[in-house]
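Descriptive structure summary
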Amino acid sequence: MDVDTRLLRYFAAVAEEGTLTGAAKRLFVSQPALTKQIRRLEDDLGVRLFARSRSGMALTEAGRELAARVPALLDGWDEAVRAAGRAARVLRLGFLDAGAVGAVPEVIAGFHRARPEWRVELRQFDWSDPSAGLARGEVDAAVVRVPFPGQERLTVRELFTEERGVLLPARHRLANSETVEFRQLWDEPFVAAGAETGAWREHWLATEEREGHSVRVGAVTSRPDEWLGAVAAGCVALAPASAARFYSHPDVVFRPVRGVSPSRVGLARPRGREREAPLGELLEAVARRLGRG
């Protein structure tokens, strides 16, 4: 019987977290989607793996047997994938937005000149996965914006901070302001990431800077085009200052904001991979360039 390793990762997350909600946040998937995948795994295996209740997901006897073996199986699979990557001389670097990644393409070009036998694949992910592919093992490292759920399970090196501003509809009452006070936006409909992104969503809604004022969510998006479209249609959105350079829309303007903390950009990798030479060399070069000295 062939079982998708992604289903095993989903199973392991639910087994470790004890709830679908916690596992969904960790994996950056919606709870209904995760429920569907767990049921698919149970159907494939022909056994019930969890006893569901209001308090959470308790492992059945079959579930406990599988949970005891899956971590080693997944570790072995991940090592096999890394070994294949080393044999093929390929490194995969994830990122979310052009503003964070900056001069990384130039760094990659320099790395290739120094190590022509290696190829670096730069992969962009949408905002439904703020780990930029790390949570699901799809990349070797990533340029990320913190905070995001699951970062405590990774090695994250902070590189620089970037001020946050606000994207406004061009017709908005504050569109011609030189600087906007965040409290002026508290009652506006905000564009938000999906609930499964947890701390990432909260950061870009600036929930900690609202002094208890509730958030009004006007749209939920995961891609830049949807994001800009929602703002043009009447919502507002916090954004890094670099968004003004890399993302544009004729009906959207960017304005600096006072009263919110900056965005922090970091370089993340799985723990235990700090001593891998080619990956370490690439990430050190990225850190030197993006870290601005």
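Calculation criteria
Residues numbered from 1 in each chain as written. Predicted model: local features only at pLDDT ≥ 70, side-chain atom pairs only at ≥ 80, totals over all residues. Heavy atoms only, no water. Buried < 20%, exposed > 50% of the residue type's maximum accessible area, 1.4 Å probe, protein only. Helix = DSSP H or I, 4+ residues; strand = E, 2+ residues; numbered from the N terminus. Pairing = 2+ DSSP bridges. Right-handed = clockwise from strand over helix to strand, strands pointing away. 1 Å grid on protein atoms, 1.4 Å probe; cavity = no way out; pocket = protein on both sides within 12 Å on 5 of 7 lines; lining within 4 Å. Points joined across faces, edges and corners; volume = space filled by probe spheres on them. Polar contact = N/O pair within 3.5 Å; in protein donor to acceptor, adjacent residues only side chain to side chain. Contact = heavy atoms within 4.5 Å.

Side chains Pro-189 and Val-191 of strand E9 (residues 189-192) all project onto a buried face; the interleaved residues Phe-190 and Ala-192 project onto the opposite face, where all are buried too. Bridge analysis of E9 against strand E10 (residues 216-220) gives 4 bridges, and the strand direction is parallel. Pairing of Val-191 across the sheet is with Ala-219, part of E10. The handedness of the E9 to E10 crossover, carried by helix H7 (residues 199-204), is right-handed.

Attention now moves to the sheet that holds strand E8 (residues 180-181). Strands sit in the order E8-E12-E7-E11 across an open sheet of 4 strands; the sheet is mixed. With partners counted over all chains shown, the strands left at the sheet margins are E8 and strand E11 (237-240), one partner each. Inspection of the sheet shows strand E7 (residues 164-169) paired to E11 by 4 bridges, in the antiparallel sense. Paired with Gly-165 across the strands is Ala-239, a residue of E11.

What follows covers the layout of surface pockets. By volume, the largest pocket amounts to about 960 Å³. Taken together, 35 residues line the largest pocket, and the ones lying closest to its centre are Arg-9, Asp-78, Leu-134, Ala-135 and Gly-137. Put simply, the parts of the chain that give the lining of the largest pocket at least two residues each are helix H1 (5-17), helix H2 (20-27) and helix H4 (61-88). With 7 residues, H4 is the single largest residue contributor to the lining of the largest pocket. Empty space within the second largest pocket amounts to approximately 190 Å³. In this structure, the second largest pocket is lined by Pro-147, Arg-164, Ala-199, Glu-202, His-203, Ala-206, Thr-207, Glu-208, Glu-209, Ser-261, Pro-262 and Arg-264. A total of 3 residues in the lining of the second largest pocket trace back to one element, the largest contributor, which is H7.

All right, on to unusual backbone geometry then. Residue Pro-147 is bonded to the preceding Val-146 through a cis peptide linkage, with omega at 5°. Mapping Pro-147 onto the fold places it in the loop between strand E5 (141-146) and strand E6 (154-162). The backbone of Ala-132 shows a phi angle near 55°, a positive value even though the residue is not glycine. On the secondary structure map, Ala-132 appears in the loop between strand E4 (119-124) and E5.

Another aspect to go through is the side chain of Arg-92. Tracing the chain through its elements places Arg-92 in strand E3 (residues 90-95). Relative accessible area serves as the criterion here: at 15%, Arg-92 is assigned to the buried category. A distance of 3.0 Å separates a polar atom in the side chain of Arg-92 from the backbone oxygen of Glu-138. What Arg-92 contacts, discounting residues up to four positions off in sequence, is Val-81, Glu-121, Arg-123, Gly-137, Glu-138, Val-139, Asp-140 and Ala-141.

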